[in-house]
Amino acid sequence: MIPFSASALEEEMAMRIPMKVDYGVRALVDLAERVDASRPARTADIAGRQGIPEPYLDQVLTTLNKFGFIRSRRGPQGGHVLARPAGDITLDDVVATLEGRNPPLECIEDASECALSDGCAQRDIWRGVEEAIHAVLTTTTIGDLANRQKQRALAMPVQLSVR
């Protein structure tokens, strides 16, 4: 008999967010929080605040710039700013740009991928999961996340250090 562990099963079943998407969203939220800043945010500063390796972040920011999420400028006065309002950038747009649209199972988009598709109860469940995820991603914006981040920061207790 194989020992059962609920936590191991939860770990196995957990949805994985690709690192590129995580870093991209964190960078966009960082820029949204600084939308009123007098200067564009430098890659090194975003990387430091968000704990993201700078070379990898640079690749992600290049993609976000290419697809019109941010405007980037090189040089001593360079950096990055949002190219459109944070409230107009959905997580669905970011995920689709950085990772593409990947259904949980191929048969969801193309029933011919599996001979059992027509009578398969799993297919309906996974389609429902995909639709639920899509609903959340299309209704959540970078602006929403920036506001949530701000609320969490305000709710955190202030820690004083005594020397």
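Provided above is the structure to which this section pertains.
Residues numbered from 1 in each chain as written. Predicted model: local features only at pLDDT ≥ 70, side-chain atom pairs only at ≥ 80, totals over all residues. Heavy atoms only, no water.

Details of the overall build of the protein
Our working rule: In this text, helices come from DSSP runs of H or I with a minimum length of four residues, and strands from runs of E with a minimum of two, each type numbered from the N-terminal end. Relative accessible area decides the class of each residue, using a 1.4 Å probe on protein chains only: under 20% of the type maximum gives buried, over 50% gives exposed, and in between gives partly exposed. Accessible surface is estimated by sampling points in the Shrake-Rupley manner with a 1.4 Å probe; for residues, cover comes only from the protein chains shown.
Along the backbone of the protein there are eight helices and two strands. Ordered by position from the N terminus, the helices and strands of the protein form the series α-α-α-α-β-β-α-α-α-α. Per-residue burial for the protein yields a buried fraction of 28% across its 163 residues. Approximately 11500 Å² of the protein is accessible, and the part contributed by carbon and sulfur atoms is 54%.

Regarding the side chain of Thr140
For the record, the criterion: Here a polar contact is taken to be a pair of N or O atoms separated by no more than 3.5 Å, where protein atoms must pair a possible hydrogen donor with a possible acceptor and residues adjacent in sequence count only if both atoms sit in side chains. Any two residues whose heavy atoms approach within 4.5 Å are treated as being in contact.
Mapped onto the elements of the fold, Thr140 is located in the loop between α7 (121-139) and α8 (142-155). The exposure class assigned to Thr140 is buried, which follows from its relative accessible area of 12%. Only 2.8 Å separates the side chain of Thr140 from the backbone oxygen of Val136, close enough to count as a polar contact. Once residues within four sequence positions are removed from consideration, Thr140 is found in contact with Ile89, Thr90, Leu91 and Leu145.

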